[in-house]
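Structural description and commentary
Each chain is listed here by its residues.
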Amino acid sequence: MEFQTHLSEVIEAYGHGRLDETRLLLSSLRPTELAGLLESTPPKVRRVLWDLLDDDTENQVLQYLREDVLVDLLDTINTEQLAAAADNLDTDDFADILQQLPDTVSRSVLEVLSASDRSRVEAVLSYPEDTAGGLMNTDTITVRPRHSVELVLRYLRLRKDMPSATDALIVVNNQEEYVGMLPLAKLITSDPSVIVREIMNSDATAFSVDATDAEVARIFSEQDLISAPVVNADGRLLGRITIDDVVDVIMEDADEALMARAGLDLEDDTFAPILKTARSRAVWLTINLVTAFAAAAVINIFEDTIAKVVALAVLMPIVASMGGIAGTQTLTLVIRGMALGQVGRANLAYLLNREFVVAVLNGVLLASVVATVAALAFQDYVLGGVIALAMIINLVVAAISGSLLPGMLSAMRIDPALAGGVVLTTITDVCGFFVFLGLATWVYA
């Protein structure tokens, strides 16, 4: 509610031409709130509000903007301003911004960065953004196992500050190979004469630079981590991942799953221009249209049967709908299990068998109800038996499809969260119509 209040106040002040009041209202908001506000306004208004912000605030807001909104504001942001943002942002956050920009713009920004900043940013950019390497920040504090607690504390006092979300120091050997973590709580409570090797945690998790962001998020959640080191194949320290980046991953994955169900992109601008929005949605609608034609083609095969028994036209959506819902339940369960690392080849057979039995039990129960209603409503007990058998078969097909589709789509490098629903709906619709109308044709022939 507080954000909606801020949004209403800013829009009202802007709408009445009170730009000084609008600027004052904007200055009272945090960078994350400003980013949300900019994403909640049409492009023309957004650009005016952006121009009312000072350069330092703009630099802070950049990291929180979605890709479409950032690109929309690109012509109002010069290369020097983007480069200046590198001084105020973590390396991984700045790299995220560059990854959202056109390649020509990213290269121009990198060219004006200082040599040290450029090397740090390029180190992160060299890895896919959905890996531990793409998430990591190169700003780390390292100590040697042979150092004493007193020496480490003296070193920290000389530094005067530490990177954000630092809950532990990273212990490396002379070859910069990761050997353990030194929790700050243990550091400040230990005897000053004790050496790091005696109190460090050598079993602390270190992520391979190629680990997926989903794996990183899962382990952070399981082990309640605040930060963790990232190493290469030789065990050398490259950087660290912090909890704020993992929270971003979790939020993005949740948003992506929600948007994917409707065929929308995570970075779609809510207030994008009409033509741009229409083009992006047309692709998904076209795919759904093709699947609808497939289902219609099956129905057309049994045109004579439907004309003979009109009740079939009334009942056949029930068979397809029940299969679609049952299949979606299984599909969602399996996709979630895969994301959490709970489903794999080792236990897929058990899961498939369980879903089969569940489908049969639910099919028998629900088919009995539908068969009874259909038989009484149309005074045709044969019709009741046909729809009951068709529903059981379609529920079983839906369960099997929902169990196997995520793995098959993943093997083809297709996101099951995005494509699974469409493929599953097509299977259950086509199978439901074909089985129901096919059985009816055989029985009433």
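Procedures and definitions
- Residues numbered from 1 in each chain as written.
- Predicted model: local features only at pLDDT ≥ 70, side-chain atom pairs only at ≥ 80, totals over all residues.
- Heavy atoms only, no water.
- Helix = DSSP H or I, 4+ residues; strand = E, 2+ residues; numbered from the N terminus.
- Rg over C-alpha atoms; globule rule 2.2 N^0.38 Å.
- Buried < 20%, exposed > 50% of the residue type's maximum accessible area, 1.4 Å probe, protein only.
- Areas by Shrake-Rupley, 256 points an atom, 1.4 Å probe, with all protein chains shown as cover.
- Lys, Arg positive; Asp, Glu negative; His and termini not counted.
- Charge placed at Lys NZ, Arg CZ, Asp CG, Glu CD.
- Contact = heavy atoms within 4.5 Å.
- Phe/Tyr/Trp six-rings, centres within 6.5 Å; stacked < 30°, edge-to-face > 60°.
- Core = buried A, V, L, I, M, F, W, Y, C linked by side-chain atoms within 4.5 Å.
- Pairing = 2+ DSSP bridges.
- Patch = residues over 30% accessible without salt bridge, like charges linked within 9 Å, V, L, I, M, F, W, Y side chains within 5 Å.
- Salt bridge = Lys/Arg side-chain N within 4 Å of Asp/Glu carboxyl O.

**Things to note about the overall build of the chain**
- When its secondary structure is counted, the chain shows 22 helices and 6 strands.
- At 29 Å, the chain has a C-alpha radius of gyration far larger than the 22 Å of a compact globule built from 445 residues.
- Over its C-alpha atoms, taken along the principal directions, the chain stretches across nearly 90 × 65 × 40 Å.
- For the chain, the residues scored as buried account for 42% of the 445 residues in total.
- Accessible surface, the chain as shown: approximately 23500 Å² in total, 59% of it carbon and sulfur.
- Positive and negative charge centroids in the chain, built from 30 and 60 side chains respectively, lie 4 Å apart.

**Considerations on the side chain of N394**
- Mapped onto the elements of the fold, N394 is located in helix α21 (residues 381-411).
- The contacts of N394, once residues within four sequence positions are left out, are V319, A320, G323, T428, C431 and G432.

**A few points about the packing of aromatic side chains**
- For the coordinates displayed, the defined rule picks out 2 aromatic pairs.
- On the basis of an interplanar angle of 10 degrees and a centroid distance of 5.9 Å, the ring pair of F207 and F220 is categorised as stacked. Placement of the pair is F207 in strand β4 (residues 207-208) and F220 in helix α15 (residues 213-223), with a sequence separation of 13 residues.
- The exposure class of F207 is buried, given its relative accessible area of 2%.
- Overall, the relative accessible area of 3% leaves F220 in the buried class.

**Some details on the environment of D224**
- As for its placement among the helices and strands, D224 is situated in the loop between α15 and β5 (227-231).
- For D224, a relative accessible area of 66% corresponds to the exposed category.
- Placed 63 residues apart in sequence, D224 and I287 show a C-alpha to C-alpha distance of 42 Å.

**Focus on unusual backbone geometry**
- Located in the positive-phi region is D224, a residue other than glycine, with phi close to 55 degrees.
- The backbone of Q379 shows a phi angle near 55 degrees, a positive value even though the residue is not glycine.
- You can see Q379 is positioned in the loop between α20 (345-378) and α21.

**Focus: the nonpolar core**
- By size, the foremost hydrophobic cluster in this structure holds 37 residues, and its most contacted members are L26, L49, W50, L62, L65, F94 and L101.
- For this core, the element with the most residues is helix α3 (residues 31-39), which contributes 4 residues.
- Excluding residues that lie within four positions of it along the chain, L26 makes contacts with V10, L34, L37, L49, L52 and L53.

**Structural notes on the sheet that holds strand β3 (residues 178-183)**
- Spatially, β1-β2-β3 is the arrangement adopted by the 3 strands of the open sheet, whose pairing is mixed. Only two strands of the sheet have a single partner each, and these edge strands are β1 (142-143) and β3.

**Observations concerning a nonpolar patch on the surface**
- A contiguous nonpolar surface patch, about 690 Å² in accessible area, is contributed by F356, V357, L361, I400, L404, M408, M412 and I414.
- Looking at the nonpolar patch, the elements that each hand over two or more residues are α20 and α21.
- Take M408: its relative accessible area is 48%, and that puts it in the partly exposed class.

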